[in-house]
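The lines below spell out each chain.
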Amino acid sequence: MPALLPQLGFLLVLSWLGADAAPAGTYLCSSPAFNGEFFCQVISLKFKRGSVYIFLSLFLYISLSLSFGKTETAVCASVRSLPDRFVCYLSPSAVSNLSRDDSSSVAQRISKNCALNMTLGRINGKGAPSSLTTAELQVVSSLMRNFEHFTPAVLQALGQLAVGLSVSDIENKISGEDLKASLPALGKVRGWNADQSSAIINKLLSSGYQISSGQSLAKLGSLVAGLNSSTLRSLSPEVILEAIKLPEFVQQIVALPSPLKRILVEKISSSVGNPADLVKFTPGALTSYIPKSLLIFEDEKLSIEDLNSKIWTQEQAAMFFRDVIKAEPDFNRLSPSVLQGFTCAVASEMESERVQELAKVMKRKNVKLGEDQLSCLVKMVTLRGIPKDLDSYPKDLLLFLRPSDYAATGSCKQYFTNVGKANLDLLQRESSERKQLLLEALACLKIPGTQVNKENAKILGHLVCDLGEEYIRSSAGNLLKELSQCESFLPDQGEAVRRVISSGNTTFGPPQVWSASTLNELTGLFPVLDHSIWQKIPKSVLNLWLKDFARDSPLSSSQLATIVEELFPSRQKRDVGCSDNLKITESVLNNDLMPIYYSPEELRACLKNVSLKNYFAQILTYPFSNEQLAVLKEKLDETYPDGYPDSLLPRLGRLASLITMEDISKWKITSADMLAALLELDLENEQAAAVISRYVALGNPLNATALNAINTKYLCVLNATLLNMIDPNSLKLASLNPSACPQLTKDILYVKAKRAFSDQHYLRSYYSLIEPYLGGAPGEDLKALSKGNVNMNVDTLVHLRRDALMSLTPAEVKGLLGINLHDLANWQNKSPIQEWARSQKQKELDKLDVGLTGGTQEGYMNIVTPKFQPPSSAPLGTMATMLHLLPALLLSFLMMSVLS
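What you see is a predicted model, and the numbers here were worked out from it, not measured in a lab. (Residues numbered from 1 in each chain as written. Predicted model: local features only at pLDDT ≥ 70, side-chain atom pairs only at ≥ 80, totals over all residues. Heavy atoms only, no water.)

## Things to note about the overall build of the chain
What counts here: Under the scheme used here, helices are H or I runs from DSSP no shorter than 4 residues and strands are E runs no shorter than 2 residues, and both carry numbers assigned from the N terminus. The cut-offs for exposure are 20% and 50% of the maximum accessible area for each residue type, with area from a 1.4 Å probe on protein chains only; residues under the lower value are buried, those over the upper are exposed, and the others partly exposed. The contact criterion used is simple: two residues touch if any of their non-hydrogen atoms lie within 4.5 Å. The Shrake-Rupley method, run with a 1.4 Å probe, gives the accessible areas here. Residue values count only the displayed protein chains as cover.
Helix and strand counts for the chain stand at 52 helices and zero strands. Counting all 900 residues of the chain, 50% fall into the buried class. A fraction of 67% describes how many contacts in the chain between residues 6 or more apart in sequence connect residues 24 or more apart. In the structure as shown, the chain presents an accessible area of about 42,100 Å², 53% of it carried by carbon and sulfur atoms.

## Quick look at the state of the cysteines
What is meant by a disulfide is a covalent connection between two cysteines, made through their sulfur atoms. Condition: Throughout, a disulfide means two cysteine sulfur atoms within 2.5 Å of one another.
Counting across every chain of the model gives five disulfides. Bridging cysteine 465 to cysteine 486, the disulfide has an S-S length of 2.0 Å. Looking down the S-S bond of the cysteine 465 and cysteine 486 bridge, the torsion is -95 degrees, so its handedness is left-handed. Of this pair, cysteine 465 sits in the loop between helix 27 (454-460) and helix 28 (469-474) while cysteine 486 is found in the loop between helix 29 (480-483) and helix 30 (491-503), placing the two residues 21 residues apart along the sequence.

## As for a negative patch on the surface
As a reminder of what qualifies: Residues enter patches when they are more than 30% accessible in relative terms and free of salt bridges; like-charged ones are connected within 9 Å and nonpolar ones (Val, Leu, Ile, Met, Phe, Trp, Tyr) within 5 Å. Think of a salt bridge as a Lys or Arg side-chain nitrogen and an Asp or Glu carboxyl oxygen that are within 4 Å of each other. Only four residue types enter the tally: Lys and Arg on the positive side, Asp and Glu on the negative side, with His and both chain ends excluded. In this description, the location of a charge corresponds to atom NZ of lysine, CZ of arginine, CG of aspartate or CD of glutamate.
On the surface, Glu371, Asp372, Glu433 and Asp795 cluster together into a patch of negative charge. Relative to the assigned elements, aspartate 372 resides in helix 24 (residues 371-381).

## Section: the environment of lysine 613
Among the secondary structure elements, lysine 613 is positioned in the loop between helix 36 (600-606) and helix 37 (616-619). Between the C-alpha atom of lysine 613 and that of threonine 639, which follows or precedes it by 26 residues, the distance is 7.7 Å. Contact partners of lysine 613, with chain neighbours within four places excluded, come to Thr639 and Tyr640.

## As for the environment of leucine 158
Checked against the element boundaries, leucine 158 lands in helix 8 (residues 152-158). For leucine 158, a relative accessible area of 1% puts it in the buried group. In the structure, leucine 158 is positioned 48 residues away from isoleucine 110 in sequence and 8.7 Å away in space, judged by C-alpha atoms. Once you skip the residues sitting within four places of it in the chain, leucine 158 turns out to touch Ala107, Ser111, Met144 and Phe150.

## Some remarks on helix 6 (residues 100-113)
What counts here: Take the residue count of a helix, subtract one, and multiply by 1.5 Å to get its expected span.
For helix 6, spanning 14 residues, the distance from its first C-alpha to its last is 20 Å, which sits close to the expected 20 Å at 1.5 Å a residue. Among the residues of helix 6, those classed as buried are Asp102, Ser103, Ser104, Val106, Ala107, Arg109 and Ile110.

## Considerations on the packing of helix 40 (residues 672-679) against helix 42 (residues 704-715)
We apply this condition: For every element, the axis is a line fit to its C-alpha atoms; helices are fit only across the contacting stretch, and the angle between N-to-C directions ranges from 0 to 180 degrees. With respect to orientation, any angle under 35 degrees is reported as roughly parallel, any angle over 145 as roughly antiparallel, any angle of 65 to 115 as roughly perpendicular, and every other angle as oblique. Left-handed is the label given to a crossing in which the near helix is rotated counterclockwise from the far helix by less than a right angle, and right-handed is the label when the rotation is clockwise.
Remark: helix 40 packs on helix 42, axes separated minimally by 7 Å, with the N-to-C direction vectors making an angle of 20 degrees. Taken together, the axis directions place helix 40 and helix 42 in an arrangement best described as roughly parallel. The interaxial crossing formed by helix 40 with helix 42 has left-handed handedness. Judged by residue contacts, Ala672, Leu675, Ala676 and Leu679 of helix 40 engage Thr705, Ala706, Ala709, Ile710 and Tyr714 from helix 42.

## Digging into a positive patch on the surface
A contiguous patch of positive charge on the surface is contributed by Lys421, Lys454, Lys458 and Lys481. Checked against the element boundaries, lysine 458 lands in helix 27. Its relative accessible area of 67% is what places lysine 458 among the exposed residues.

## Considerations on the environment of tyrosine 406
When you line up the elements, tyrosine 406 lands in the loop between helix 24 and helix 25 (412-421). Between the C-alpha atom of tyrosine 406 and that of lysine 388, which follows or precedes it by 18 residues, the distance is 7.8 Å. Each residue touching tyrosine 406, except ones within four places of it in the same chain, is listed here: Leu390, Asp391, Leu398, Ser411, Gln414, Tyr415 and Asn418.

Structure, rendered in structure tokens:
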């Protein structure tokens, strides 16, 4: 009994904290585990009902009641007699030896009384295959082992805890008939991972379950995500149309993988006759997957209410923005999602006062616009002078103005306070506009030298991210709070941050005295911290931070792995065994903090006799260091020498960095959704190219689903052979942008895109469809576009095919740029505009009225200097070269004589 005194003292303190509430002693003695114990005499303990103290006391009670060496029968009796509120705090060992009936009863009580943590991941939103927390998963796993067979009654009793079923349980402990009978219960379970839902669906279908109607599809409930693309594609559009009218099916769509969502949209679009019906019938969770080519209304009737009720991408909204503006005079009635479709072409057709009104509505509704949109909007807003109420316009608009423009509204200090809160990343980091903003901000705030105080740092806001290393060093810790919000750092900035932190002359003190909460405050600076800093932080603090804060941090798994690596000693023993306290148990495998308990050598030793077949998908989400990952890959290769199973491929996570070309050559990439899942891994270009080639080599088409999976990220790795295999019609349903790709890629895709959208070339929306592919357009096509008021942005112009750009006249360039014409002046001394201007007559350039110079004057002509081949060293070769060039030299001499 003396061993209980510390806990008893703790309970007495809690009692004193909540002395005015109802007695809790009767709860503490309700179990045979405490019969006759002195502990049960403490009936006078009181706790505030519903307070944190009572939950702490309950947890302590469970720990005590099940740890006094009771027999299995006594323990089972203890668990059975626990009040319902207590079962939420059971440990895995407390339920490990329960009978099937007791396990079923406890599971039912936990499912009914405990608020399980049903998140969609544990670390950075992507963690575990199970949505349960580590503690919950361990308890559920212990319960599941008590069942030899899962009957419909058991599965019904498990309720939400069924999410703890392993794939092995599904395949070996549930019959097909029992699975069909349990579908109503299993379809209500939230948080299935892909392996679980796929295993259940496959077993259902192989047992004869038919998806012949919308009702039978909706009956799958949360399991619908387990359908593969071929099964979903085989369903008739009528089945899909019926299903999307059922609320129970619509609420499950959110959890579907992207390829399945695209297939649903294809089925819906094939069954409706116009874009208005497509918008009306498509559920909100699928809206962003509607191809923009299917959202062209033109003169067709549209419903503002239907459009407002959905969330659109900027590209989609741009397709119908003109039609919406024509149909709705009150901009306040438009949703932010619709308003983000703003285009220059539409703005150029509006009165400037209407554009100003539109911009103010955008500010009130916090509409997010891109750089090109804002650049155009500011031109229209200031067309008749700078408005005096600039604070009524979007803050991001100020990035395209100067402090002098803001003078009528307020001071330069107020201007930069607003700019500091704007999205500075809309301007390229090294752009002249962004550099000028910083210089003007420093001048406005009259910052002496390179030292910035906390007040000015707060005003600068995001502009702090552009301060050089001398400012960071001189300002000590004054900038750390703002710097922690920066997306990235230049090398010299990172070095300056490390020096400031290492000095200890900040409010956080030196790394040696940091706590877990200090680390949490500095999370944004983790990417620049190096080993010299990490090694000074007490390992106990790193451990505590990982346990208490890692799950909610914005850090990626690889960034967390960097911290895990710091917990290992710098020198590892090469021949280590696996001590008893490090043996890998199911409890360890279910713990997402497993990496912090094993050095790479210990992990290798402890994995020797452990089967990971049922756990690879789970543990690969944990933040293992690179060396630990290498150990896991050894184990993976040993387990699957002939290639990894299909179900595991999309879940390789960070292990993908260690994948070889030989590994990929063994994979069975049999569908576009498998391709999509693999390309979501962080692959190198060479790996991605091998994955795509393997997919095609197995006879799969580069259809719209595959192209959307490849997307812009890996589009440029496709070779000419693969590009030529693309069906032009697929581009109607895909969203690609080859602007950063090699010229050959642009040329091939432009021809295909032109063919794909040929039936829409007469529509005003045609330019929005073809614009991403214009880098491969010939001069004659661009000349045709110049007559269509397309308002091309300059960035698109300068990335046109060089020969096509050089063929354009100043009048044609003006026709292409429209309202963006004056942006051409910023490229005066840059290629390719500089070369283009030199090939034009200055008289024609002057008509543009943008200050371009370098063209030829009247009476003069440009002489293009021939690019000679280096002459051969042989006398005959030299003479032949000179004779070959003689006519050109004589012609040049005669022309110069005439002109002089």
